[in-house]
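Residue-level structure breakdown
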Amino acid sequence: MAAREAGGAVLASAADRLFSLSGLFAVYKPKGPTSAGVLNLLKERLLAEAGVQTNGNKRNQILKIGHGGTLDSAAAGVLVVGIGKGTKMLKTMLAGSKKYTAIGMLGKATDTLDATGKVTEEKPYDQVTKGDLENVLQKFTGHIMQVPPLYSALKKDGERLSTLMKRGEAVEAKPARPVRVYSLSLQQFQPPLFTLDVECGGGFYVRSLVSDIGKELSTCATMQELTRTKQGPFTLEEHALHEDKWTIEEIARSLEHCTSLLPGEPAHKKLKTEHPGETAVICE
């Protein structure tokens, strides 16, 4: 009996610890699952560790958790997570800058603008030199106009464009919108592959960038791989917790470490996202 009571006390204290967590931290999202899927798995792990029975919607306590900006299922890297009162701070992540490493392939275009889609066009690319590519990048730096991809998380009548496309429904391209590219550099060129480092603002699609670069070079291009290496102050190397560290204690430690990275509370209150189509996903 005493042992059972002691076990119950440990679980109770773990649950208390979990529900007291508040702030922003980052996790590593691997290729494959959606950002929402990663968030759900994280939540399941934490509730299980705390011994909290979910039983459908009948929960004694609600764990507020969310992520600040979707990362495509085919992409990997930093996913910023808000827990407790931290969920109210997620919109700052949408408006802040992000860094990516992207691998593009010349000579092929797909309907999704990445390697998951169907090939829609093939063109020769032998004429493209490293110098051509570097010169073209200058046109995509600074304040530019960009047409978002049809396969995206942007919504029409409350449904994602990607969902409508997969159902075979006709979807009109969204109009070009202003986006910002802080820096863009070529890291490697081994035709047909090229590797870019990109730092951009909210609402930017790296898939669209790679496709537009291909067109500018009088060929076509599609994105093969994408890794988000930084979002706001959170970096992949220093802050992103891998799945083996999705524990209450590790997250508490990360929250404490990350507090110093964030601006003061008043800075969050009236901040709007750069593009209204972006949302911070929060689940309870």
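These numbers come from a predicted model, not from an experiment. (Residues numbered from 1 in each chain as written. Predicted model: local features only at pLDDT ≥ 70, side-chain atom pairs only at ≥ 80, totals over all residues. Heavy atoms only, no water.)

What follows covers the overall build of the chain. Of regular secondary structure, the chain possesses 7 helices and 15 strands. Buried residues in the chain amount to 44% of all 284 residues. Contacts in the chain between residues far apart in sequence, at least 24 positions, make up 74% of those at least 6 positions apart. (Helix = DSSP H or I, 4+ residues; strand = E, 2+ residues; numbered from the N terminus. Buried < 20%, exposed > 50% of the residue type's maximum accessible area, 1.4 Å probe, protein only. Contact = heavy atoms within 4.5 Å.)

A few words on the UniProt feature "domain: tRNA pseudouridylate synthase B C-terminal" (unreviewed entry) in the chain. Mapped onto this numbering, the UniProt entry annotates "domain: tRNA pseudouridylate synthase B C-terminal" (unreviewed entry) at residues 207-242. Taken end to end, residues 207-242 is 28% helix and 42% strand, and its two terminal C-alpha atoms sit 25 Å from one another. (UniProt positions renumbered as here; feature names shortened; annotations may be inferred.)

Leaving glycine out, the prevailing phi sign among residues is negative, and the prevailing peptide bond configuration is trans. A cis amide bond, omega 10°, links proline 191 with the succeeding residue proline 192. Looking at the element boundaries, proline 192 is found in the loop between strand S10 (177-190) and strand S11 (193-200). Phi at leucine 113 is positive, roughly 70°, even though this residue is not glycine. Examined against the element boundaries, leucine 113 turns out to sit in the loop between strand S5 (108-110) and strand S6 (119-122). Taking relative accessible area as the criterion, leucine 113 reaches 17% and is therefore assigned buried. The backbone of serine 218 shows a phi angle near 60°, a positive value even though the residue is not glycine. Positionally, serine 218 belongs in the loop between helix H6 (206-216) and strand S12 (221-231). On the basis of relative accessibility, which here comes to 57%, the residue serine 218 falls in the exposed class.

In this structure, threonine 235 sits in strand S13 (residues 234-235). Here threonine 235 is in contact with Val78, Thr229, Lys230 and Ala240, once residues within four sequence places are set aside.

With that settled, the discussion passes to helix H4 (residues 130-137). Burial in H4 covers these residues: Leu133, Val136 and Leu137. Buried residues of H4, seen end-on, are gathered within an arc of 105° and therefore sit on one face of the element. The inward-facing, buried residues of H4 contact S10, S11 and H6. (Arc of directions from axis to C-beta.)

Averaged over the chain, the pLDDT score is 84; the fraction of residues at 70 or greater is 77%. In the predicted structure, residues 1-8 sits below a pLDDT of 50 and forms 0 contacts with residues beyond four places in sequence or in another chain. Below pLDDT 50 for its whole length, residues 265-274 participates in 17 contacts with residues either more than four positions away or in separate chains. (pLDDT = per-residue confidence, 0-100.)

A few words on the pairing of S12. Summarising the sheet, strand S3 (residues 76-83) and S12 pair through 2 bridges and their orientation is parallel. When the sheet's bridge partners are listed, alanine 76 is paired in S12 with threonine 227. Both strand S4 (residues 98-106) and S12 contribute to a ladder of 9 bridges, which runs antiparallel. Within S12, the residue paired with leucine 106 across the bridge is alanine 221. One ladder, built from 2 bridges, connects S12 with S13; its direction is antiparallel. Bridging from a neighbouring strand, glutamine 231 pairs with phenylalanine 234 of S13. (Pairing = 2+ DSSP bridges.)

The subject of this paragraph is the pairing of S11. Within S11, 6 of the 8 residues are buried, which leaves it mostly tucked inside the rest of the structure. Judged from the 8 bridges that link them, S4 and S11 form a sheet pairing that is antiparallel. Residue isoleucine 103 lies in a different strand from S11, and its bridge partner there is threonine 195. Of the pairings in the sheet, the one linking S10 to S11 comprises 8 bridges and is antiparallel in character. What sits directly across from leucine 186, in S11, is leucine 196.

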